[in-house]
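Chain by chain, the residues run as shown.
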Amino acid sequence: MKLYNFNELLSVAKARDFKAIGSFNLHCLEMLPAFFKAARDTHSPLMIQISTGTAEYLGYKLLVDSVRSLAESEQVPTCLHLDHCSDIASIVTAIDAGFSSVMYDGSHLEMDENIVNTRKVIDIARQRNVSVEAELGAIGGSEDGKAVAEEDITFTTVEDAKRFVDETGVDMLAVSVGTVHGMYTGKAHIQHQRLAEITEATQTPLVLHGGTGVSDEDMRRAVAGGIEKVNVGTEMNVQWVGRCMQTFEKGKVNDSVRKFLIPANNAVTQVLMEKIGLFK
Ligand code: 13P
């Protein structure tokens, strides 16, 4: 089965009565079957996103081959997306390997440079039927281990978002509206009014980063207000590592390693199923 780009996957999601797609960060290959189990059990399409750190750790080709193989055997429409990447060469590596969607993150640049670079990526990606996400404004927290300080958070303005979308024609736009990457405890404060105005002005699928730590109620409101891709990363990592810490501590060295990992993988399936349930 081919991998779907974001626009194709969104059409499948809408046909199955989902308002938004959850895009889930895969932290290690062991988690992959657990992602597919959640998608199969909820009859949901699946979007898997990979940080450049994880892509380099596992290998772009291994990721593409494994995801394609499971999409085929599980019959789940699947999109494989490169998360936050500000290096165009790595984006080309991902596209060449077979990723079906990429994010060019130029949010740290001046707007004009962000537009120029995003256009470059779109020119490369469109020829290969690959969708492109870009980011405007700066989301706080930690991205692939790199911290964005609180004073560097800038919320996306309606005017900038409109100009950016008009001048790039990007497929989906990540906006800074109050969520924070990696925040596991505490509550994000989403600026719903700002989100509604950006949605109205851009008429383009918007992406909510930092899905971990967003309350169910806020998540539902954000999706009703125009968010069509929701990124969740930290929560699966927390569940997986937490379960492994418990099982490894209780186990013996000659226990089959799968006994330690199965509870961790089940916890990951559970996180995805709960989040996917919010997008109906
Ligand atoms: P969380 O880790 O906060 O869920 O955010 C994930 C994300 O936005 C990845 O781009």
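Predicted model, so just to flag it, every value in this text is computed and none were measured.

Help me get a handle on the nonpolar core, residues and values and all.
Counting residues in hydrophobic clusters, the biggest one holds 89 residues, and the most contacted among them are F35, I48 and L173. Beyond its immediate sequence surroundings of up to four residues, I48 is in contact with F24, L26, L32, F35, F36, V67, T78, C79, L80 and H81.

Summarise the pairing of strand β1 (residues 21-25); cite the residues concerned and give the values.
Where burial is concerned, most of β1 is hidden: five out of the five residues are buried. Alternating positions in β1 separate into two faces, I21, S23 and N25 on one and G22 and F24 on the other, with burial throughout. Across four bridges, β1 lies against strand β11 (residues 227-232) in parallel orientation. What sits directly across from G22, in β11, is V230. Alignment of β1 against strand β2 (residues 46-50), held across three bridges, turns out to be parallel.

An account of the site of the ligand is needed here, citing residue identities and associated values.
Looking at the ligand, there are 15 residues lining it, with G182, G210, T212, G233 and T234 nearest. Taking D83, its side chain carries an N or O atom lying 2.8 Å from an oxygen atom of the ligand. Protein burial of the ligand: of its 310 Å² of free accessible surface, 94% is covered by the chains. Split into classes, the residues belonging to the shell around the ligand amount to two nonpolar, 12 polar and one charged.

For the pattern of salt bridges, give the residues involved together with the corresponding values.
Tallying each qualifying case throughout the model produces 15 salt bridges. The closest approach of N and O atoms between K37 and D41, which form a salt bridge, is 2.6 Å. Of the two residues, K37 and D41 both sit in helix α2 (residues 32-42), four residues apart, roughly one turn of that helix. Taking relative accessible area as the criterion, K37 reaches 34% and is therefore assigned partly exposed. Here K259 ties to D255 by a salt bridge, and the two come within 3.8 Å at their closest N and O atoms. Take K259: its relative accessible area is 52%, and that puts it in the exposed class.

About the criteria used
Residues numbered from 1 in each chain as written. Predicted model: local features only at pLDDT ≥ 70, side-chain atom pairs only at ≥ 80, totals over all residues. Heavy atoms only, no water. Core = buried A, V, L, I, M, F, W, Y, C linked by side-chain atoms within 4.5 Å. Buried < 20%, exposed > 50% of the residue type's maximum accessible area, 1.4 Å probe, protein only. Contact = heavy atoms within 4.5 Å. Helix = DSSP H or I, 4+ residues; strand = E, 2+ residues; numbered from the N terminus. Pairing = 2+ DSSP bridges. Near = heavy atom within 4 Å. Polar contact = N/O pair within 3.5 Å; in protein donor to acceptor, adjacent residues only side chain to side chain. Areas by Shrake-Rupley, 256 points an atom, 1.4 Å probe, with all protein chains shown as cover. Nonpolar A, V, L, I, M, F, W, Y, C, P; charged D, E, K, R; others polar. Salt bridge = Lys/Arg side-chain N within 4 Å of Asp/Glu carboxyl O.

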